[in-house]
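Understanding the architecture of this molecule
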Amino acid sequence: MERIAITEKAATVLEKLKTTHGELIFHQSGGCCDGSAPMLFAKDDMYLDESDILLGTLNGVNFYMNQDQFTYWKHTHLTVDITEGRGASFSLEIPLGLRFLIHSRLLTKEENKILNNL
């Protein structure tokens, strides 16, 4: 059981970016700009600390979320998708005229029990 998934279309873009940029990480901070959107960075370009939580791995790319943001999202299953349009972030897909986004749904009772010990 996982907290996070990725659409096929977004996975295709992710693979292209991995080929171009090497090791990557997703991060969703909840900060300014597109902070509530998932952002993709070269692994060494993003500083992680104890306030970042690993939600899962998408096609070999770790997805982290800031702890404060996780408080709001912990009862949801997240799916990373991609859409046309320019976001206002430094995420690696932006030069392609694309941006990652999140679709969410509430966790089922069973998922909540397993993932959140509820």
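First, a word on scope: everything that follows refers to the structure included in this document.

Things to note about the pattern of salt bridges
Under the counting rule described, the total for this entry stands at three salt bridges. Note that E15 is salt-bridged to K18, the shortest N-O span being 3.2 Å. Here E15 and its partner K18 are both found in helix α1 (residues 8-21), three residues apart, which amounts to about one turn of the helix. Under the relative-accessibility criterion, E15 is labelled partly exposed at 33%. For K18, a relative accessible area of 25% gives the class partly exposed. Close ionic contact of R105 with E111 constitutes a salt bridge, the shortest N to O distance being 2.9 Å.

With respect to the sheet that holds strand β7 (residues 98-106)
Pairing is mixed in the open sheet, where three strands are placed in the order β1-β6-β7. With one partner strand each, in any of the chains shown, β1 (4-6) and β7 form the two edges of the open sheet. Sheet twist, expressed as the mean angle between neighbouring strand axes with direction ignored, is 25°. Across nine bridges, strand β6 (residues 76-84) lies against β7 in antiparallel orientation. Paired with V80 across the two strands is I102, which belongs to β7. Sheet contacts for α1: β1, β6 and β7; angle to β6, the most-contacted strand, approximately 70°.

Some words on the nonpolar core
If you look at soluble globular proteins, the nonpolar side chains tend to sit buried side by side. Membership of the largest hydrophobic core comes to 24 residues, with the highest contact counts inside it found for F26, L40, F63, V80 and F100. Mapped onto this core, the elements with two or more residues apiece are β1, α1, β2 (24-28), β4 (52-58), β5 (61-66), α2 (67-73), β6 and β7. Broken down by element, this core gets its largest block of residues, five residues, from α1. Those residues in contact with F63 that lie beyond four places of it in its chain are I4, F26, Q28, P38, I53, L54, L55, G56, L58, V80 and I102.

As for the sheet that holds β5
Strand order in the open sheet formed by four strands is β3-β2-β5-β4, and the pairing between neighbours is mixed. In the strand order of this sheet, the two ends are held by β3 (39-42) and β4, each with one partner. For this sheet the average axis-to-axis angle between neighbouring strands, irrespective of direction, equals 30°. Pairing of β2 with β3 involves four bridges; the strand directions are antiparallel. Across the sheet, F26 pairs through a bridge with L40, a residue of β3. Of the strands in this sheet, β2, β3, β4 and β5 touch α1, which is tilted by about 125° from β2.

Conventions used here
Residues numbered from 1 in each chain as written. Predicted model: local features only at pLDDT ≥ 70, side-chain atom pairs only at ≥ 80, totals over all residues. Heavy atoms only, no water. Salt bridge = Lys/Arg side-chain N within 4 Å of Asp/Glu carboxyl O. Helix = DSSP H or I, 4+ residues; strand = E, 2+ residues; numbered from the N terminus. Buried < 20%, exposed > 50% of the residue type's maximum accessible area, 1.4 Å probe, protein only. Pairing = 2+ DSSP bridges. Axes fitted to C-alpha atoms, helices over the stretch in contact; angles between N-to-C directions. Contact = heavy atoms within 4.5 Å. Core = buried A, V, L, I, M, F, W, Y, C linked by side-chain atoms within 4.5 Å.

In short, geometric facts, not functional conclusions.
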